[in-house]
Every structure is written in structure tokens, then in C-alpha cells.
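So the chains spell out like this:
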Amino acid sequence: MRKALLIVSAVVLGACARSQNEQMEYNSAVITEAEITASGAATAYDAVKKLRANFLANRGRTSFNEAPPEPNVYVDEQYFGPLESLKSIPATQVGSIRMYRAWEVQAKYGPNNLGGVISVYTRQ
């Protein structure tokens, strides 16, 4: 009986561990609080540069609009400024950073974001 209980316990614990790992899947469009902390970055810009430098890449000029090809920055869903404004956000205040590409931002942030949006969510 004791042996059976040990086997059942091991199976249950293994299932729980697998469930937690599945929830922590890597998302290339999101920088997590844990990644930011581990990076030792001083600002949100430094964190992005170290962890997902492709967020900072120039998308090139578009033929539709003369808007800058760089992503705009939003903090907690409010417009914050151009890409350089990330340098004024202390990394210690950042909970996560998400990159929205141009085709994703139209409905959420409006048409003036042809370079995409870097959305910073502060720690709650």
C-alpha cells in the first residue's frame, strides 16, 4: 500500500511540474519581469537592448505615410513618447514589455503607429 501511495504521489507531482512549465512558455514578443531583473538593466531601454534588440530595429520608410518607422512607446496603455523615452523608465518599475508589430496595433492603438508599439507595463 505504501509503495502504491509513493507512485501515485510521484505521478501527481510530475503532472504539477509539467503544468507549471507549460504556463511559462517563451514568447519572443514579451520580456518578463524575471528576464528584466536577471538582465541587470538600469532602464527599460537597456533591458530591451540586452534581451530583444530586434524591438529597436528600424522598420524602414513606408509608402503609405511619413510617420517615423520606429515604434512608439506606451506605458500602461497610455502614449508615453518616441522610442528614446524608454531611457527614462527605470527597469525596477517595469513588470513586462511587449512588442506589437504594425499589423497588430491598428485596432488597439490607432493608425499612427506604423513602426509598431513597445508597450511597457509597470509593476503592480
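So, a few notes on the structure that sits alongside this text. (Residues numbered from 1 in each chain as written. Predicted model: local features only at pLDDT ≥ 70, side-chain atom pairs only at ≥ 80, totals over all residues. Heavy atoms only, no water.)

Quick word on the environment of L86
Alright, step 1. When you line up the elements, L86 lands in the loop between β3 (78-81) and β4 (94-100).
Alright, step 2. Along the sequence, L86 and V75 sit eleven residues apart, while their C-alpha atoms lie 9.5 Å from each other. (Helix = DSSP H or I, 4+ residues; strand = E, 2+ residues; numbered from the N terminus.)

As for the packing of aromatic side chains
Alright, step 1. For the structure on display, the rule yields three aromatic pairs.
Alright, step 2. Residues Y74 and Y79 carry aromatic rings whose centres are separated by 5.5 Å and whose planes lie at 80° to one another, so their mutual orientation is edge-to-face.
Alright, step 3. In textbook terms, an aromatic cluster arises when at least three aromatic residues are bridged by ring pairs, as seen for Y74, Y79, Y100 and Y109.
Alright, step 4. When the ring centre of Y45 is taken as origin, the NZ or CZ atom of K87, which lies over that ring, is 4.7 Å away. (Phe/Tyr/Trp six-rings, centres within 6.5 Å; stacked < 30°, edge-to-face > 60°. Lys NZ or Arg CZ within 6 Å of the ring centre and 35° of its normal.)

Points about unusual backbone geometry
Alright, step 1. One non-glycine residue, D76, lies in positive phi territory at about 50°.
Alright, step 2. Within the element layout of this structure, D76 appears in the loop between β2 (72-75) and β3.
Alright, step 3. For E77, which is not a glycine, the phi torsion comes out positive at approximately 70°.
Alright, step 4. Note that E77 resides in the loop between β2 and β3.
Alright, step 5. Of the residues examined, E77 reaches a relative accessible area of 33% and is grouped as partly exposed. (Buried < 20%, exposed > 50% of the residue type's maximum accessible area, 1.4 Å probe, protein only.)

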